[in-house]
Amino acid sequence: AAASRVRSVPTVLLGTFRWTGAVSTFEIREALESLEKGELGAGAMERMIKEGQAFDMLRLFQERGTVAPAFVELLNHPLLPLRLGAMAVMETLAERAPELARGVLPSLWEGFGAAENVVKGDILYVIGEVGDGRWEPVLAAVADAAPDPEVRAAAVEALEKVRGR
């Protein structure tokens, strides 16, 4: 227990997955399937963020050289704590493996139109932190045309960051 940093009961350990407290068999089955496929599902990643293991995801993404497709769901999640955990992973991934992080942006952008304004602001923030010059036209268009002033402001800030690289 000490070697695995188990401090409460029940705790379930399965590879890189760790659950503390009540855990459903569905969650364990999803984790097993994720391990078999070599990718993480949105539910498994959500649990990792809630359990304080967001940076374990980062390590897995770097080791595999790919970001799990379901990760974008967390970056678009309506709950702020989950989005923030995913955004922290993206920021660190951008520092350690910028091309890997940039590879997430097209999928992230696909959800922009249907997202709530607060989520749109966070999507723009991530693009500003991770994106390169290829994103300038997209950000400029949002800065010029978004109906919401906060979304426009987020686009302007992201555009400045991208141009500053």
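Attention here is on the structure that accompanies the text.

Conventions used here
- Residues numbered from 1 in each chain as written.
- Predicted model: local features only at pLDDT ≥ 70, side-chain atom pairs only at ≥ 80, totals over all residues.
- Heavy atoms only, no water.
- Axes fitted to C-alpha atoms, helices over the stretch in contact; angles between N-to-C directions.
- Helix = DSSP H or I, 4+ residues; strand = E, 2+ residues; numbered from the N terminus.
- Parallel < 35°, antiparallel > 145°, perpendicular 65-115°, else oblique.
- Left-handed = near helix turned anticlockwise from the far one by under 90°.
- Contact = heavy atoms within 4.5 Å.
- Nonpolar A, V, L, I, M, F, W, Y, C, P; charged D, E, K, R; others polar.
- Buried < 20%, exposed > 50% of the residue type's maximum accessible area, 1.4 Å probe, protein only.
- Core = buried A, V, L, I, M, F, W, Y, C linked by side-chain atoms within 4.5 Å.
- Polar contact = N/O pair within 3.5 Å; in protein donor to acceptor, adjacent residues only side chain to side chain.
- Expected span 1.5 Å × (residues − 1).

For any two helices packed against each other, one specifies the crossing angle of their axes together with the interaxial distance. Helix α10 (residues 149–163) packs onto helix α9 (residues 136–145) with a crossing angle of 155° between their chain directions and a minimal axis gap of 8 Å. Classified by the angle between their axes, α9 and α10 sit roughly antiparallel to one another. With respect to the hand of their crossing, α9 and α10 are arranged in left-handed fashion. In contact with Glu136, Leu139, Ala140, Val142 and Ala143 of α9, α10 contributes Val151, Arg152, Ala155, Val156, Ala158, Leu159, Val162 and Arg163. Across the contact of α9 with α10, the residue classes break down as ten nonpolar, no polar and three charged.

The N-to-C vectors of helix α8 (residues 117–130) and α10 enclose an angle of 5°; their axes lie 8 Å apart at closest approach. With respect to α10, the axis of α8 lies roughly parallel. For the pair formed by α8 and α10, the contact residues are Asn117, Lys120, Gly121, Leu124, Tyr125, Ile127, Gly128 and Glu129 on the first element and Val151, Ala154, Ala155, Ala158, Lys161 and Val162 on the second. Of the residues assigned to the contact of α8 with α10, the class counts are eight nonpolar, three polar and three charged.

The subject of this paragraph is the environment of glutamate 95. In this structure, glutamate 95 sits in helix α5 (residues 80–96). Look at glutamate 95 and you get exposed, because its relative accessible area is 66%.

This part is about the nonpolar core. Within the largest apolar cluster, 49 residues are counted, with the highest numbers of intra-cluster contacts made by Met45, Met57, Phe61, Phe71, Leu75 and Met90. Tallying contributions element by element places α5 first for this core, with seven residues.

Turning our attention to the side chain of histidine 77. Among the secondary structure elements, histidine 77 is positioned in the loop between α4 (71–75) and α5. A polar contact of 3.0 Å, which involves the side chain of histidine 77, links it to the backbone nitrogen of leucine 79.

Along its 14 residues, α8 runs 20 Å from first to last C-alpha, staying within 8% of the 20 Å computed at 1.5 Å per residue. In terms of burial, α8 is a largely internal element, ten of the 14 residues being buried. Every buried residue belonging to α8 is among Val119, Lys120, Gly121, Asp122, Ile123, Leu124, Val126, Ile127, Gly128 and Val130, and all of these are buried. Structurally, α8 contributes buried residues whose contacts are with α4, α5, α6 (98–102), α7 (105–110), α9 and α10.

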